[in-house]
Amino acid sequence: MKHMLISIYIVTCMAVFPFELFTVGAENIIFPSDAGVVDVTQPPFNAPNDGAGDATDELQLAINICANNDAILYFPDGVYMVSQTLKWGDNSAPGFVNPFYDTTDSEHVWTLADTISPKNKLILQGQSTDGTIIRLADNVFVDPKNPQPVIFTGEQPAQRFRNAIRNMTVDVGDGNTGAIGIQFNASNIGTVREVKIINEDRQALVGLDMSFTGQIGPCLIKNVIIKGFGTGILTAQTAINSITFEHITLEDQVDFGFRNLGQTVSIRGLVSKNSVPAVTNTGMGFMVLIDCEFTGNSGATQMPAIANTAGSPVIFARNIQTSGYKWSILNTGVNGDSLTDEYIGEYVSHDVLSLYDTPLKSLNLPVEETPRIPWDTDTGNWVNVGDYGAIPDDGLDDAAGIQAAIDAAASQGARTVYLPHRQYGNYDIHADSVVYIRGSVQRIIGCAANVCKGFSMDTKPAWVFGPDAPDTLIIEHIGMHCAIPVGYDMHFNSDKTLIMSSCGMTVHSQGGGTVFLEDFAALQCEFTRGTRVFARQFDVENDEYMSTFRGKILNDGAQLWILGLKTEREGTIIKTTGRGYTELLGGFSYTTHVPGDAPMFVNESSVLSITFSEVGGRGTYDPLVVETRMCSLKTLQADSAPSRHGKAHSIPLFVGYCTDNENNPVPSEVCPFKIPVTFDELNRQEKRIPDLLCKTITMNSLARRKTVNIPESIAGFQLYNLKGRKLWEYRRADTEQACRVTVPGNFPYGVVMVRYLEK
């Protein structure tokens with residue numbers, strides 16, 4: 001029997017320190033024989049896992065053949081001895097097409113393709129964290145000046161999509177003074193999860209190294225235990241792309257627990273038990289630390305638990321418990337302040353930014369752990385979409401086959417529906433009609449499969465999670481390939497719970513339910529009133545065809561909590577409106593296109609708390625925040641924030657909200673300014689325009705003139721810039737009916753506010 005990949009989740013309510021509730025190692029991941037994953041112990045690889053024979057050559061062959069093909073290499077429980085680095089190949093290395101063997105073909109023939117770079121789209125999946133062990137032979141990596149990792153996933157550039165290491169232990173053995181546990185690199189979607197990295201003799205250099213090349217991330221490191229090593233985790237100034245960590249345990253390091261030399265990192269639930277500093281942040285490092293516990297063992301009494309030193313690094317810390325250290329935080333940066341209190345409620349290394357009278361502290365929304373969906377080890381009860389007519393790569397609509405599989409699972413009481421990886425190349429099925437998720441299914445898993453949404457879908461979603469959906473469902477390892485640049489892949493309309501993990505799709509939500517996003521990428525997302533969203537490692541990247549000023553993420557009355565957000569290109573990143581709540585804890589904008597006048601964030605009479613950083617590619621944002629409150633509008637200009645890299649800036653903490661009599665965060669009074677919409681959207685909404693309303697429109701510098709529909713209910717409109725200066729006015733004659741008005745084209749590219757006038 002073969003086995004299948006999985007994410008392990010644990011349900012808890014948030015305690016003061018929720019990380020104490022997490023354990024790693026008890027899972028048992030198995031999969032059906034027709035799932036299309038590759039068992040390294042089976043032909044043609046036959047890797048020994050008895051702890052005696054050297055498995056290096058067999059495992060390296062499997063990596064060479066299966067890399068760059070959305071492949072899942074499965075490691076059944078056992079000890080895999082290695083004597084050299086297991087290495088994702090170089091750019092110049094040959095890749096393979098049609099890599100998955102036909103088990104009826106005894107020759108197992110592959111075809112070489114020199115143009116493929118096998119550095120991404122590869123998952124190493126163990127059966128269990130404690131049972132699957134990759135162990136380095138003793139005394140083989142002995143030169144500290146020439147460090148060598150046990151596992152190496154490839155250098156820059158940042159196209160290391162879908163790389164992952166899951167559910168296994170990496171043991172560096174004894175006497176390996178030049179060893180590194182894992183050098184990991186992934187981009188947009190990628191993760192190290194449920195992994196232990198062990199160095200019993202404490203002679204090796206680094207447990208998890210994410211400093212060895214540029215352009216690492218974004219990716220998610222979650223539920224990882226590192227014991228021993230000189231440094232537990234090492235991150236460095238790679239200019240881009242940010243890394244998110246959650247539920248990490250560091251023990252018995254010699255020099256540093258977590259050392260950040262300049263990267264943007266977001267960390268929640270870090271536990272350190274050490275005689276050395278738990279966390280060191282230097283250079284242009286940007287670090288968020290929340291819900292952590294740092295215990296100083298013998299020898300730590302003259303050391304800081306958190307050292308923020310050398311340059312002007314930014315650190316935001318909240319809910320941190322320390323003991324055994326001289327300082328809880330030693331800051332030699334801009335403010336140069338240090339703390340000795342063992343408990344840190346909230347700390348910001350730089351000044352808190354705001355535009356209105358507001359509490360100068362973060363929103364601190366209640367956090368929910370991602371629910372755990374038990375893994376179904378009865379694989380005979382799984383439902384294969386291929387058995388119901390979903391045929392890959394035939395160019396036909398497979399939605400009916402997927403729907404039939406979901407409905408069959410409901411009739412059988414089955415909990416898992418799977419999209420097998422095809423035995424050659426990528427597995428692409430086509431969804432040219434809507435799939436409704438319903439019945440008893442609790443997991444829809446793609447074995448590194450893709451779903452292609454065709455042109456005929458227009459604005460319709462590919463998936464609908466509605467009132468008939470199960471109480472809790474997880475979708476994982478499914479990528480959406482959209483042929484059209486509009487609409488959403490997933491429509492969430494339920495009061496239930498949806499989890500999307502290691503997926504790429506656009507999302508629209510409404511209703512009173514909860515959405516969990518982990519290791520998740522999208523072009524755009526829209527969360528509307530009543531939805532609660534908890535995101536860990538969220539990558540949102542618009543192209544030019546997306547609405548530039550509407551927001552890559554639109555929060556219209558939802559509760560949105562994000563740990564680690566990465567984005568590229570131009571346009572407003574998050575727009576919060578409709579009295580919504582947004583808390584962003586760390587992340588990174590790689591501004592690869594000139595953003596024009598688009599603000600980085602927009603807050604319309606809602607609740608906003610931001611900790612964020614930026615690196616400019618072809619431009620940088622200015623303003624950083626536009627906020628409306630009490631019928632007024634203010635902007636946070638870039639020069640009000642600390643510089644970070646070139647002309648880029650960081651936001652150590654920005655807050656914008658009111659409080660009630662009990663000091664609870666609440667939205668401000670509704671303001672008539674609405675920011676922003678395009679001309680086309682404004683025209684579509686003309687029938688819903690009240691008698692007095694302010695909106696904003698996008699002025700396109702490539703077109704000399706724009707027109708706006710004027711309904712009968714208003715007398716005209718005025719155009720203002722973001723600083724409130726009136727640019728132009730139109731008043732309709734009393735006898736004039738609804739009409740189209742031409743607006744001059746001599747305004748600069750950017751956002752212009754429109755104020756409609758009462759009759």
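Parameters at a glance
Residues numbered from 1 in each chain as written. Predicted model: local features only at pLDDT ≥ 70, side-chain atom pairs only at ≥ 80, totals over all residues. Heavy atoms only, no water. Helix = DSSP H or I, 4+ residues; strand = E, 2+ residues; numbered from the N terminus. Buried < 20%, exposed > 50% of the residue type's maximum accessible area, 1.4 Å probe, protein only. pLDDT = per-residue confidence, 0-100. Contact = heavy atoms within 4.5 Å. Phe/Tyr/Trp six-rings, centres within 6.5 Å; stacked < 30°, edge-to-face > 60°. Pairing = 2+ DSSP bridges. Core = buried A, V, L, I, M, F, W, Y, C linked by side-chain atoms within 4.5 Å.

## Quick notes on unusual backbone geometry
Comment: phi is negative for the bulk of residues other than glycine, and the bulk of peptide bonds are trans. Residues glycine 217 and proline 218 are joined by a peptide bond in cis, for which omega reads 0°. Here the bond from aspartate 622 into proline 623 is cis, since omega is 15°, no more than 30 degrees from zero. You will see that asparagine 46, though not glycine, has its phi angle at about 55°, which is positive. Positionally, asparagine 46 belongs in the loop between β1 (38-39) and β2 (50-54). Located in the positive-phi region is histidine 247, a residue other than glycine, with phi close to 60°. Residue placement: histidine 247 occurs in strand β17 (residues 243-251). Since its relative accessible area comes to 5%, histidine 247 is described here as buried.

## With respect to the confidence of the model for the chain
For the chain, mean pLDDT is 81; residues scoring 70 or higher make up 78% of the total. Counting contacts from residues 677-705, a segment whose pLDDT is below 50, to residues more than four positions away or on other chains yields 83 contacts.

## A word on the packing of aromatic side chains
Under the definition given, this model contains 11 aromatic pairs. Between tryptophan 375 and tryptophan 382, the ring centres sit 5.0 Å apart and the planes meet at 80°, which makes this aromatic pair edge-to-face. Given the relative accessible area of 7%, tryptophan 382 is considered buried. Residues tryptophan 382 and tyrosine 418 carry aromatic rings whose centres are separated by 5.6 Å and whose planes lie at 65° to one another, so their mutual orientation is edge-to-face. Of this pair, tryptophan 382 sits in the loop between β26 (343-348) and β27 (383-384) while tyrosine 418 sits in strand β28 (residues 416-419), and the two are 36 residues apart along the sequence. You can call tyrosine 418 buried: its relative accessible area is 3%. Aromatic ring contacts, followed pair by pair, group Trp375, Trp382 and Tyr418 into a single cluster.

## Comments concerning the pairing of strand β10 (residues 148-152)
Taking burial as the measure, the five residues of β10 include four buried ones, the bulk of the element. In this sheet, strand β12 (residues 179-183) lies alongside β10 in parallel orientation, the contact comprising four bridges. Within β12, the residue paired with glutamine 148 across the bridge is alanine 179.

## Observations concerning the pairing of strand β46 (residues 625-629)
Summarising burial for β46: five of the five residues are buried, a large majority. Of the two faces of β46, the one lined by Val625, Glu627 and Arg629 and the one lined by Val626 and Thr628 are each fully buried. Sheet topology note: the strand β44 (residues 601-604)/β46 ladder contains four bridges and is parallel. Each residue of the ladder has a partner; that of valine 602, found in β46, is valine 626. Of the strand pairs in this sheet, β46 and strand β47 (residues 632-636) are connected by five bridges, and their pairing is antiparallel. Bridge pairing links glutamate 627 to lysine 634 in β47. The antiparallel hairpin formed by β46 and β47 contains two residues in its connecting segment, where methionine 630 sits at a positive phi of about 55°.

## Considerations on the nonpolar core
As a rule of thumb, nonpolar side chains are buried together in soluble globular proteins. Core analysis: the biggest nonpolar cluster contains 70 residues, and Ile221, Phe245, Leu289 and Phe294 have the highest contact counts within it. Tallying contributions element by element places helix α1 (residues 56-66) first for this core, with five residues. When neighbours within four sequence positions are excluded, leucine 289 is seen to be in contact with Ile267, Leu270, Val279, Phe294, Ile306, Ile315, Phe316, Ala317, Arg318 and Ile320. Residues Ile406, Leu419, Leu517 and Ala641 belong to the second largest nonpolar core, which totals 66 residues.

## Considering α1
Within α1 the residues assigned to the buried category are Thr56, Leu59, Gln60, Ala62, Ile63, Ile65 and Cys66. Phi for asparagine 68, located one or two positions after α1, is positive at around 70°.

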